[in-house]
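Understanding the architecture of this molecule
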Amino acid sequence: MPVLRVSNLRVMYGQKVAVDGISFRIAPGEIYGLLGPNGAGKTSTIKAAVNLVEYSGEIDLMGMGRPRGNLLNNVGAVLETPAVLEALTVKEFLELVASIRGVDGRRIDALVQAFELNEYLGAYISTLSQGNKQKVAIVSALMHRPKLLILDEPFNALDVKSARILKDVVQNHRRDGGAVLFSTHVMEIAERMCDRIGILNEGKLVMEGTTKSILEQARAGSLEEAFLRAIHAEEEVKEIAEAL
Amino acid sequence: MRGRRLTLERALAREILYQGYTASRQSGLRPTNPMRSVSRANTMKYVLSAIWLIALIGYSFALRFERATPLGMMLLFFGWGGILIVSNLLPASYAVQGSSYMRDALYLLPIDEGGLEPTFARAFISLIDYPLVALLAGSVVASAIIGAPYPFLGTIFGIEVAIIAIEVTIFAFSSASKSQTKSYAMRALSAFLPLIFVMFMISPTYFMGIDVSRYTLLEFLPLASGAFLYSPVGVAFTAIWAALLGYYAYTRLPSAALRILHASSPAAIAKRVRGGWRIIRSRTLAILRADIQMSVRSVMISMLVVPFVLFVIFMMTTYTTPPAVLGAMSAYYGIEIAYFTIFVPYSLYAIEVRGAAAMRTLPVTRVSMALPKALLLLVVYYAFEGAFSAAMAFRGVGPAYIVPLLAGFLAPASSIPAAGIMFERTLREGGSLGTLQAILNFIMISLLVGVPYGIYYAVLYVTGVELLGIASMVSAGALEFSVLMYLLSRYG
């Protein structure tokens with residue numbers, strides 16, 4: 001049974017269609033990468049997957065239905081804009097999350113040390129850099145060892161060491177049978193980490209498969225080339241570069 | 001604003017509004033449209049100005065039949081004038097806190113900082129343009145209706161004091177902006193500012209009878225001097241104080257407004273904390289703890305304090321009201337305290353709008369989010385109503401007046417699921433609610449809270465049986481609370 005099943009997902013903001021009827025599944029022990037240009041619908045898909053935006057279609061978590069309420073204890077999410085409560089200190093926020101998730105202090109200690117947040121436990125989250133806010137969100141998403149990790153551009157603001165730790169944590173999570181849905185702009189990361197990739201463009205899933213099958217489908221030598229072909233931007237990029 | 005040329009002044013005013021009203025309230029759930037948010041803030045300004053204009057004129061008709069003293073009238077209009085200015089400028093002054101966006105953007109442009117001072121001042125004044133017109137026009141008409149200048153003078157003093165108070169707040173914000181702790185403390189303190197004016201607005205009966213004509217020394221003091229307009233000294237000092245305060249408010253405005261440029265985000269101070277993790281096993285208590293921690297660091301503290309302020313005023317009143325009429329007055333005071341406790345859940349929900357995404361990704365339901373509010377409301381309700389009832393019992397008021405107040409908890413409790421549904425709507429709208437919808441929601445909550453009390457009085461009137469009235473009120477409250485809780489759990 002898939003950990004996450006998305007069927008005919010559609011997200012609209014007013015009249016604007018952000019996600020237009022996409023479907024995909026993520027199996028246990030699988031990392032699924034969402035690629036796409038800015039505004040393609042990656043973040044909206046991820047927000048729908050944790051029930052943060054209204055949507056039509058179906059999202060099913062482990063055969064138990066829509067991911068909301070207590071079901072969300074099977075999910076750990078790191079959003080593009082870190083979902084934290086900024087008026088709290090790092091310690092207060094992690095204590096709140098631990099209380100709600102029923103996690104003990106040893107697990108948090110280990111994560112706080114790994115992401116080098118112990119210096120900032122008494123600092124208000126609002127004063128942290130984007131990278132440190134991201135780390136707080138990562139710790140809160142990992143502390144309960146969720147079955148599904150949802151990561152939206154998780155490496156964006158992270159320093160090299162923390163990014164590496166997160167990559168290793170994600171790989172270990174997969175090895176232990178966990179599933180991961182993550183979005184990124186960085187092709188190398190997608191190529192190296194993902195078992196399967198879905199390329200989004202203008203809200204539609206225009207290509208899907210393993211890296212190998214995507215390269216074959218697009219008749220491309222690299223994922224970057226395949227990506228540009230999938231979103232029909234290869235010629236445009238060449239023209240713009242020449243004009244500049 | 002569409003179709004009008006975008007001047008630097010207009011762009012600054014727009015940015016101040018955005019930073020003050022909406023940037024600090026983003027929920028992170030869905031993309032927000034800044035122009036829509038700014039436009040809503042502007043609409044609110046127009047609507048409030050119109051309401052104030054009508055209210056000032058309406059009040060003046062009522063005052064013709066009241067036995068109000070000159071100072072009583074001035075205090076009333078002082079409150080109405082001051083609160084409109086403060087409520088429009090205070091959120092804008094929050095733009096000073098922790099926001100360096102405007103400075104960063106403007107410093108990249110070839111503009112001299114000195115030249116920006118009047119531009120910033122005009123941008124600030126544009127935030128209160130319609131309110132100023134409404135207040136001046138309303139108070140002039142009110143003075144004409146009453147046939148005395150007290151409404152106009154009270155309003156003028158209210159406007160001036162409000163602007164000076166905002167300027168002081170901005171300077172204080174600016175000096176505290178480097179430390180987040182000080183910044184939060186200042187924000188919480190500033191939240192009490194509107195209460196000064198609100199106190200004069202919501203307690204007119206208390207202030208209306210203040211007669212200072214025997215205390216002639218007061219004719220040298222600002223505002224109070226207006227009560228002595230029959231003497232040349234009173235007239236002179238009223239004119240001098242109005243001119244001095246106006247001059248001070250006007251001349252300080254440019255430098256206060258420019259403080260926005262010097263605002264900086266507080267730096268994170270590496271701060272180790274002693275002691276282990278304090279992980280509460282009860283979700284309800286953990287959420288309640290976080291709600292309170294966030295509230296005391298925000299302007300929401302003022303909403304939490306409103307019932308307390310009322311409680312203090314009414315407690316004072318119980319000692320100045322003759323016991324014979326205290327019984328009849330107790331219901332009015334007690335229900336008003338109960339009514340204002342609805343600010344408790346409302347403010348806790350409001351504080352959760354920012355960072356709503358954080359809570360939504362956690363395994364909590366809407367009902368489990370409502371429980372901490374219910375718990376706090378229960379404590380606040382019985383602390384205030386209990387103390388108020390005890391004070392009345394001590395003064396000889398019988399149980400027939402006290403028991404309904406103690407049994408009426410479920411009436412304000414219904415405001416919890418109602419506010420919950422309302423904030424669900426807010427979040428769907430991207431974190432800011434439409435003006436009309438906000439007004440309708442407020443009316444809806446007010447009516448909901450009033451229904452059980454209304455039923456109590458109706459049953460009492462029809463049957464004359466106290467116990468039946470109380471039972472009907474409790475049943476209606478329980479039914480209302482249950483239905484709304486069910487709707488909240490099913491919402492969305």
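Residues numbered from 1 in each chain as written. Chains lettered and ligands numbered in written order. Predicted model: local features only at pLDDT ≥ 70, side-chain atom pairs only at ≥ 80, totals over all residues.

Things to note about the overall build of chain B
In terms of helices and strands, chain B carries 22 helices and zero strands. Relative to its 492 residues, chain B shows a buried fraction of 49%. Residue pairs at least 24 apart in sequence account for 84% of intrachain contacts in chain B once pairs closer than 6 positions are excluded. (Helix = DSSP H or I, 4+ residues; strand = E, 2+ residues; numbered from the N terminus. Buried ≥ 20, exposed ≤ 12 C-beta atoms within 10 Å, placed from the backbone. Contact = placed C-beta atoms within 7 Å.)

Some points on the sheet that holds strand β7 (residues 179-183) of chain A
Residues and elements named next belong to chain A. Strands sit in the order β5-β6-β7-β3-β8-β9 across an open sheet of six strands; the sheet is mixed. Strand pairing shows two members of the sheet lacking a second neighbour, β5 (75-78) and β9 (204-209), which therefore form its edges. Sheet twist, expressed as the average angle between the axes of neighbouring strands with direction ignored, equals 15°. Direction of pairing for strand β6 (residues 148-152) relative to β7: parallel, over a ladder of five bridges. What sits directly across from Leu148, in β7, is Ala179. Sheet contacts for helix α1 (residues 42-49): β3 (31-35), β6, β7 and β8 (196-201); angle to β7, the most-contacted strand, approximately 145°. Sitting on the sheet, helix α7 (residues 211-218) touches β8 and β9, and the angle it makes with β9 is about 115°. (Pairing = 2+ DSSP bridges. Axes fitted to C-alpha atoms, helices over the stretch in contact; angles between N-to-C directions.)

Comments concerning the interface of chain B and chain A
Taken together, the contact between chain B and chain A spans 37 residues of the former and 43 residues of the latter. For the side of chain B that touches chain A, the elements supplying multiple residues, two or more each, are α12 (283-295) and α16 (356-360) of chain B. Looking at which element gives the most residues to the side of chain B that touches chain A, the answer is α12 of chain B, with five residues.

A word on the nonpolar core
Ranked by size, the top nonpolar core spans 143 residues in total, and within it Phe93, Val139, Ile150 and Leu181 of chain A carry the most contacts. Counting residues per element, this core draws most heavily on helix α17 (residues 366-394) of chain B, at 10 residues. When neighbours within four sequence positions are excluded, Val139 of chain A is seen to be in contact with Leu94, Ile108, Leu111, Val112, Phe115 and Leu117 of chain A. The next biggest cluster of nonpolar side chains, apart from the first, holds 65 residues, and it includes Ala68, Val161, Val198 and Ala256 of chain B. (Core = buried A, V, L, I, M, F, W, Y, C linked by C-beta atoms within 7 Å.)

Observations concerning the confidence of the model for chain B
Residue and element names in this part refer to chain B. Averaged over every residue, the pLDDT of chain B is 80; residues scoring 70 or more account for 82%. Looking over chain B, one finds the lowest element-wise mean pLDDT in helix α10 (residues 204-208), namely 62, and the highest in helix α6 (residues 129-146), namely 93. The ipTM value of the predicted complex is 0.88, and its pTM value is 0.78. (pLDDT = per-residue confidence, 0-100.)

Observations regarding the environment of Leu377 of chain B
Residues and elements named next belong to chain B. By secondary structure assignment, the location of Leu377 is in helix α17. Distance in space between the C-alpha atoms of Leu377 and Pro194 is 23 Å, their sequence separation being 183 residues. When residues no more than four places from it in sequence are discounted, the contact partners of Leu377 are Thr341, Val344, Pro345, Pro412, Ala413 and Ile416.

Remarks on unusual backbone geometry
All names here are of chain A. The backbone of Arg145 sits at a positive phi, close to 45°, despite the residue not being glycine. Despite not being glycine, Glu202 shows a phi value in the positive range, around 50°. You can see Glu202 is positioned in the loop between β8 and β9. The exposure class of Glu202 is partly exposed, given the 16 C-beta atoms found within 10 Å.

Some points on the sheet that holds strand β1 (residues 4-13) of chain A
Residue and element names in this part refer to chain A. One open sheet accounts for three strands, arranged β2-β1-β4; its pairing is antiparallel. Strands with a single pairing partner mark the edges of an open sheet, and in this sheet they are β2 (16-26) and β4 (56-61). On average, each strand axis in the sheet is inclined to that of its neighbour by 20°, with strand direction left out of account. Bridging between β1 and β4 involves five bridges; their strand directions are antiparallel. Bridge pairing in β4 links Leu4 to Leu61.

Structural notes on the packing of helix α14 (residues 323-340) of chain B against α17 of chain B
Residues and elements named next belong to chain B. Look at α14 against α17: their axes get within 10 Å of each other, and the N-to-C directions meet at 170°. One finds that α14 runs roughly antiparallel with respect to α17. For the pair α14 and α17, contact is made by Leu326, Ser330, Gly334, Ile337 and Ala338 and by Tyr381, Phe384, Glu385, Phe388 and Met392, respectively. Within the contact of α14 with α17, the residues separate by chemical class into seven nonpolar, two polar and one charged. (Parallel < 35°, antiparallel > 145°, perpendicular 65-115°, else oblique. Nonpolar A, V, L, I, M, F, W, Y, C, P; charged D, E, K, R; others polar.)

Structural notes on the packing of helix α2 (residues 90-101) of chain A against helix α4 (residues 130-142) of chain A
Each pair of packed helices can be summarised by the angle the axes make with each other and by the distance between the axes. All names here are of chain A. Between α2 and α4, the shortest axis-to-axis distance is 10 Å and the interhelical angle comes to 20°. It follows that α2 is roughly parallel to α4 by the angle criterion. Read as a crossing pair, α2 and α4 show a hand that is right-handed. Contacts between α2 and α4 pair Val90, Phe93, Leu94 and Val97 from the former with Val136, Val139 and Ser140 from the latter. When its residues are assigned to classes, the contact of α2 with α4 shows six nonpolar, one polar and no charged. (Left-handed = near helix turned anticlockwise from the far one by under 90°.)

What about the confidence of the model for chain A?
Within chain A, residue pLDDT values average 89, and 100% of them lie at 70 or more. Confidence scores differ between elements of chain A, with helix α9 (residues 234-243) of chain A showing the lowest mean pLDDT of 80 and α2 of chain A the highest of 94.

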